Amino acid sequence: MSHKRIPKRKAAIAVGGVAALGAAALLLPQANASQDGGAGGGASTARTLKADDAGDLAARLSKLLGDAFAGSYYDSANRQLVVNVTDVSGDNNVIVQAKKAGAEVREVDNSMAELQAAARTLRTKASIPGTAWAVDPRTNKILVTADSTVTGTRWDRLESTVDGLGSGMATIKKSAGTFKTFVSGGDAIFGGGARCSLGFNVTAGDGSPAFLTAGHCGVAAEQWSDAQNGAPIATVDQATFPGNGDFALVKYDDPNTQAPSDVNVGGGQSVQILQAAEATVGQQVFRMGSTTGLHDGQVLGLDATVNYPEGTVTGLIQTDVCAEPGDSGGSLFTQDGGAVGLTSGGSGDCTSGGETFFQPVTTALAATGATLGDAGAGGGQQAGGDQQAGGDQQAGDGQQAGGDQQAGGDQQAGDGQQAGGDQIGGGQEAGAGAGDGSDGSGAADDPSGADASNGQAPGTGHASGTGNAGRSGRSGLTDTH
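Now for a look at the structure at hand. (Residues numbered from 1 in each chain as written. Predicted model: local features only at pLDDT ≥ 70, side-chain atom pairs only at ≥ 80, totals over all residues. Heavy atoms only, no water.)

Remarks on the overall build of the protein
The condition that has to hold: Comment: elements are numbered from the N terminus, with helices defined as DSSP H or I runs of at least four residues and strands as E runs of at least two. Here the term buried applies to any residue with accessible area under 20% of the maximum for its type, exposed to any over 50%, and partly exposed to those in between, with areas from a 1.4 Å probe on protein chains only. Any two residues whose heavy atoms approach within 4.5 Å are treated as being in contact. Note on areas: Shrake-Rupley with a 1.4 Å probe; residue coverage comes only from the protein chains shown.
Helices and strands together make up the secondary structure of the protein, namely 12 helices and 24 strands. Every one of the 481 residues in the protein was classed for burial, and the buried ones make up 60%. Partitioning the intrachain contacts of the protein with sequence separation of at least 6 by distance along the chain shows that 68% fall at a separation of at least 24. Total accessible area on the protein is roughly 15700 Å²; 49% of this is exposed by carbon and sulfur atoms.

Right, here's the structure in full:
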């Protein structure tokens, strides 16, 4: 029989309700609207593009321009793709080609090869817990971020390394919070005392229904439930963290589970996920998490490296979207239905803001051999409609959400809460529970281990421990969103 979510916290929406409403108002009315204003002018006039189309164009120009390509970003105000180029003095053809393709061309000093070399130097000399860096094409420099734990000799070491890169190569930014992983996400899921969020439902390579979540959640517990202290409904198949990513593929124990690729965004609404999408700097994105609900922001950098207490993770997306403990593994997506990322970690919260890093979905799918979409089980319900619909959701069981399903078991219901609320609600307890490490639920962070074990101390990070409960303490990085 297919798995159905049990409505659990209807009031969950309250945790991130107000902020979520703002993001929802921005997202839902335009969910099916095109941002494409059509082509701009001739060969030398940048075209008006949707963010997803700008990302596709950037990928093509990266190959076309070769060594002259020095990064690109989406100018959301003018809805244009800006492409950085170097070494074009004597080769006007490079600029002509980029302009003909519809991009705004900008000549810069630092080549992509130089920026990547600088990033490697940082990796070698400054892999200090509490630091992160990514190429910022808007400034044509590497943006280095240090959290509040980087002080004294560690700060001196970081600053010295950045200075050694040369003038105009990198800048340092101080973050008020601490980097950690956020174990909660769109719909709440629970495992061994840890609490995370479901990212996107997928179909595993063998055709079985599964979902993607954060890797630090996958190494924290082997079995996951959609209800706190509930019976397991899914088992981890693959997990990567730390290292080259932060993602896990978790297979549903019931092969008949219906797992539609929708994201429950609250208020009885869901966004149908149509495809995996690459992130573009400057692009607007939305994050759904079980603790804080729906929030939006912009992509700030790609191929980011983050030094969590548990270890270094590479290949992430850096954003200014907020997140808090319990949001780990949650979905990052576009208003057009593109699955972009899985919440990894960061600093700050949804009151003061901060940085949040995400695992690219495209990389996770390629590594696990999974594909977006349900396993063939009753697709329709998935959508949302009914699932949310209330009772019947069950059928679609709210799974609708995609992640929610698990998490939100409760969403079930249609209670509408399902939507945001519960998913958040998963957070249901979530936010709340979070506090309670006791049940681990609160542990949203726990995943990081932190809470999970009741916050036992700082531990090494969920990463390590397989053991849930004590799964180690919250890493600094790991437990936040």
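There's plenty left to go through after this.
Considerations on the environment of Asp109
Structurally, Asp109 is set in the loop between β3 (104-107) and α4 (112-125). Look at Asp109 and you get exposed, because its relative accessible area is 74%. When the C-alpha positions of Asp109 and Lys141 are compared, they lie 9.4 Å apart, and in sequence the two are 32 residues distant. With residues near it in sequence (within four places) discarded, Asp109 still touches Thr86, Glu114 and Asn140.

Some words on the pattern of salt bridges
Short version of the rule: Any Lys or Arg side-chain nitrogen found within 4 Å of a carboxyl oxygen on Asp or Glu counts as a salt bridge.
Under the counting rule described, the total for this entry stands at 5 salt bridges. With a shortest N-O distance of 3.1 Å, Glu355 and Lys173 are connected by a salt bridge. Of this pair, Glu355 sits in the loop between β22 (338-346) and β23 (356-360) while Lys173 sits in strand β6 (residues 170-174), and the two are 182 residues apart along the sequence. Taking the relative accessible area as the measure of exposure, Lys173 reaches 35% and is therefore partly exposed. Residues Lys251 and Asp237 are paired through a salt bridge, measuring 3.7 Å at the closest nitrogen-oxygen approach.

Notes on helix α7 (residues 361-368)
This is how it is decided: In this description, one arc is meant: the one made by directions from the helix axis to the C-beta atoms.
Here α7 has its buried residues at Val361, Thr362, Ala364, Leu365 and Thr368. Looking down the long axis of α7, one finds its buried residues gathered within 165° of arc, a one-sided arrangement. Looking at the residues trailing α7, positive phi occurs at Gly369, about 80°.

Some thoughts on the packing of α4 against helix α5 (residues 152-164)
The test is simple: Axis lines are fitted through C-alpha atoms, for helices just across the contact stretch, and the angle between N-to-C directions can take any value from 0 to 180 degrees. When an angle is under 35 degrees it counts as roughly parallel; over 145 it counts as roughly antiparallel; between 65 and 115 it counts as roughly perpendicular; any other value is oblique. The crossing is said to be left-handed when, going from far helix to near helix, the turn is anticlockwise and less than a right angle, and right-handed when the turn is clockwise.
For the pair α4 and α5, interaxial distance at closest approach is 10 Å and the crossing angle is 155°. By the angle class used here, α4 and α5 are roughly antiparallel. Two packed elements cross with a definite hand, and for α4 against α5 that hand is right-handed. Taken together, the residues of α5 that come into contact with α4 (itself represented by Thr121, Leu122 and Lys125) are Arg157, Thr161 and Val162.

Considerations on a negative patch on the surface
Basically, it comes down to this: Excluding any residue in a salt bridge, patches collect residues exceeding 30% relative accessible area, merging like charges within 9 Å and nonpolar Val, Leu, Ile, Met, Phe, Trp and Tyr side chains within 5 Å. Only four residue types enter the charge count: Lys and Arg as positive, Asp and Glu as negative, with His and the chain ends excluded. We put the charge of a Lys on NZ, of an Arg on CZ, of an Asp on CG and of a Glu on CD.
A cluster of like negative charges, contributed by Asp67, Asp87, Asp109 and Glu114, occupies part of the molecular surface. Within the secondary structure, Glu114 sits in helix α4.

Points about the environment of Val85
Among the secondary structure elements, Val85 is positioned in strand β2 (residues 80-85). Separated by 10 residues in sequence, Val85 and Ile95 place their C-alpha atoms 8.0 Å apart. The residues contacting Val85, other than those within four sequence positions of it, are Leu65, Ala68, Ala70, Val94, Val105, Arg106, Glu107 and Val108.

Examining the side chain of Ser344
Rule in force here: Counting of polar contacts relies on pairs of N or O atoms within 3.5 Å, with two restrictions inside protein: one atom must be capable of donating a hydrogen and the other of accepting it, and residues adjacent in sequence are counted only when both atoms are side-chain atoms.
Relative to the helices and strands, Ser344 resides in strand β22. Separated by 2.8 Å, the side chains of Ser344 and Tyr308 make a polar contact.

Here's the deal with the sheet that holds strand β14 (residues 247-252)
Note the cut-off: If DSSP finds at least two bridges between two strands, the strands pair.
Reading across the sheet, the 6 strands line up as β12-β13-β14-β11-β10-β24 and stay open at both edges, with antiparallel pairing between neighbours. Sheet topology places β12 (223-224) and β24 (371-372) at the edges, where each strand pairs with a single neighbour. Bridge count for strand β13 (residues 234-240) against β14 is 6 bridges, and the pairing is antiparallel. The residue bridging Gln238 from the neighbouring strand is Leu249, located in β14. The sheet strands contacting α7 are β10 (200-203), β11 (209-213), β13, β14 and β24, and the helix crosses β14 at an angle near 60°.

Some details on α5
We count it as follows: Multiplying 1.5 Å by the residue count of a helix minus one yields the expected span of that helix.
The end-to-end C-alpha separation of α5 is 18 Å, in line with the 18 Å expected for 13 residues at 1.5 Å each. Within α5, the full set of buried residues consists of Leu158, Thr161 and Val162. Considered in projection along α5, the buried side chains sweep an arc of 100° and stay on one side of the axis. With respect to the buried face of α5, the exposed residues turned more than 90 degrees away are Thr153, Asp163 and Gly164. Where the residues of α5 are buried, they touch α4, β4 (131-136), β5 (141-146) and β6. In the stretch just after α5, Gly166 is the one whose phi turns positive, near 105°.

As for the pairing of β10
Here β10 shows two buried faces, one formed by Phe200 and Val202 and the other by Asn201 and Thr203. In this sheet, β11 lies alongside β10 in antiparallel orientation, the contact comprising 4 bridges. The residue of β11 that forms the bridge with Thr203 is Pro209. Counted between consecutive antiparallel strands, the loop separating β10 from β11 contains 5 residues, among which Gly207 sits at a positive phi close to 90°.

Brief notes about the nonpolar core
Rule in force here: For the purposes of this section, nonpolar cores are sets of buried Ala, Val, Leu, Ile, Met, Phe, Trp, Tyr and Cys residues that join through side-chain atoms within 4.5 Å.
In terms of nonpolar packing, the biggest core is built from 21 residues, with Phe200, Val202, Leu212, Leu249, Val263, Phe333 and Leu342 touching the most fellow members. Counting residues per element, the ones that place at least two in this core are β10, β11, β14, β15 (262-266), β18 (284-289), β22 and α7. Excluding residues that lie within four positions of it along the chain, Leu212 makes contacts with Leu198, Gly199, Phe200, Val202, Ala248, Leu249, Gly329, Leu342, Ala364, Leu365 and Thr368.

A closer look at the environment of Gly297
Among the structural elements, Gly297 can be located in strand β19 (residues 293-308). For Gly297, a relative accessible area of 13% puts it in the buried group. Along the primary structure Gly297 and Asp320 are separated by 23 residues, whereas in three dimensions their C-alpha atoms are 5.7 Å apart. Once residues lying within four places of it in the same chain are set aside, the contact partners of Gly297 are Gln283, Gln284, Val285, Asp320 and Val321.

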